[in-house]
Amino acid sequence: QYNLPKMELLQAIQSEAIELEDYFKGLYNEKLIEYDKILDVQTINEESSVLLKSHQSYNQVFEEMDLDIYLSNATSEDIWSIDFVEIVKKMKSDATSQQVIYAKQSIVDERKEISNLPNFSASLGYDLSRAKPYYNLNFSFKIDGWNRQTSHIEKQMIEERSNMNILQKQKELLNVQYEYEYKKKQFKHLLHQLESMAEKKRILSVKRQIFSLEESMEERRLDLDYLLVEYEIFDLRQQCLLQLLQLKHIIHPLKIETFIKD
């Protein structure tokens, strides 16, 4: 219901706001309501028009982003549950990160071996005074070459920098986790709000049928409010997808879909 792209929801809000504005104007002309109710729905109409243009651009940009196929094609109406604890564990033991460390440390060892290799040079010339060619051979060995302690310190620094990088990523991960879980809580709250509004709408509808009444102002406004809450849910899911894009960057080369819980 809230998948990308989703322009119909904003269009429905705009259409409902226009109809409600006309309805409220009739009530205002009969001096049954204050003018601020008309201004309220006019504001909603104007905001939805702006958001329509904004989301057209947003969806075009979002579709170009390289989010994992599992997420980009998902049709779930809920917000995914992410196993952040498992992410931290995998980040610490990620084989790719360890391979990078080993590769860099191997380069240190290779540089050490190259530094300690003896230096050999040969030259050829011609002695005019003696009228004969001559050869010159040089062989040298660096006694102050790369020592074992220097090599050990550099390899240790490589590992420490890698650990600091992981620590920084874990801090970023905590921030994403906090934001994501907070949005999940907001999402659940909005779903309960929809349920409450649907029940209120049902009660008003039953009363109207029993007493053969016309649709009330409260019922008409409730229709619009329901759409507005639906839009909030849709917008919240988009925000969560952006959080997942940030998470994808933080945990690379790990894959997000492996940490989605059922």
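For the structure itself, consult the block above.
As the structure is a computational prediction, the values presented were derived from the model and not from experiment. (Residues numbered from 1 in each chain as written. Predicted model: local features only at pLDDT ≥ 70, side-chain atom pairs only at ≥ 80, totals over all residues. Heavy atoms only, no water.)

**Q** Can you lay out the overall build of the protein for me, pointing to particular residues and giving the numbers?
**A** When helices and strands are counted, the protein shows seven helices and four strands. Starting at the N terminus and ending at the C terminus, the protein contains elements arranged as α-α-α-β-α-α-β-β-α-α-β. Sorting the 262 residues of the protein into buried and exposed places 32% on the buried side. When the accessible surface of the protein is totalled, it reaches about 17,600 Å², and 53% of it is carbon and sulfur. (Helix = DSSP H or I, 4+ residues; strand = E, 2+ residues; numbered from the N terminus. Buried < 20%, exposed > 50% of the residue type's maximum accessible area, 1.4 Å probe, protein only. Areas by Shrake-Rupley, 256 points an atom, 1.4 Å probe, with all protein chains shown as cover.)

**Q** Tell me what's going on with the pattern of salt bridges, and back it up with residues and numbers.
**A** What the rule picks out here adds up to 11 salt bridges. Put simply, lysine 200 and glutamate 218 hold a salt bridge, and the shortest N to O gap is 3.4 Å. In this pair, lysine 200 is assigned in helix H6 (residues 148-210) and glutamate 218 in helix H7 (residues 217-251), connecting sequence segments 18 residues apart. Of the residues examined, lysine 200 reaches a relative accessible area of 42% and is grouped as partly exposed. Using a relative accessible area of 41% as the deciding quantity, one classes glutamate 218 as partly exposed. Across the salt bridge formed by lysine 201 and aspartate 223, the nearest N and O atoms sit 2.9 Å from each other. Of this pair, lysine 201 sits in helix H6 while aspartate 223 sits in helix H7, placing them 22 residues apart in sequence. Owing to a relative accessible area of 22%, lysine 201 belongs among the partly exposed residues under this scheme. Look at aspartate 223 and you get partly exposed, because its relative accessible area is 22%. Beyond isolated ion pairs, a larger network of salt bridges with shared partners links Lys201, Arg208, Glu215, Glu219, Arg220 and Asp223. (Salt bridge = Lys/Arg side-chain N within 4 Å of Asp/Glu carboxyl O.)

**Q** I'd like a description of helix H1 (residues 8-29), backed by residues and values.
**A** Quick reminder: α-helices carry 3.6 residues per turn. Residues three or four places apart thus point the same way. Spanning 22 residues, H1 covers 32 Å between terminal C-alpha atoms, matching the ideal 32 Å at 1.5 Å per step. For H1, the set of buried residues is Leu9, Leu10, Ile13, Gln14, Glu16, Ala17, Leu20, Glu21, Phe24 and Leu27. Angular distribution of buried residues about the axis of H1 spans 170°; they occupy a single face of the element. Looking at the residues trailing H1, positive phi occurs at lysine 31, about 60°. (Expected span 1.5 Å × (residues − 1). Arc of directions from axis to C-beta.)

**Q** Give a description of the packing of aromatic side chains that names residues and reports values.
**A** Tallied over the entire structure, the rule returns four aromatic pairs. Here the aromatic rings of tyrosine 23 and phenylalanine 24 are separated by 5.9 Å at their centres, their planes lie at 40°, and the arrangement is tilted. The exposure class assigned to phenylalanine 24 is buried, which follows from its relative accessible area of 3%. Here the aromatic rings of tyrosine 28 and tyrosine 35 are separated by 5.1 Å at their centres, their planes lie at 65°, and the arrangement is edge-to-face. Relative accessible area serves as the criterion here: at 36%, tyrosine 28 is assigned to the partly exposed category. Across the ring face of tyrosine 23, the terminal group of arginine 220 is positioned such that the distance to the ring centre comes to 4.6 Å. (Phe/Tyr/Trp six-rings, centres within 6.5 Å; stacked < 30°, edge-to-face > 60°. Lys NZ or Arg CZ within 6 Å of the ring centre and 35° of its normal.)

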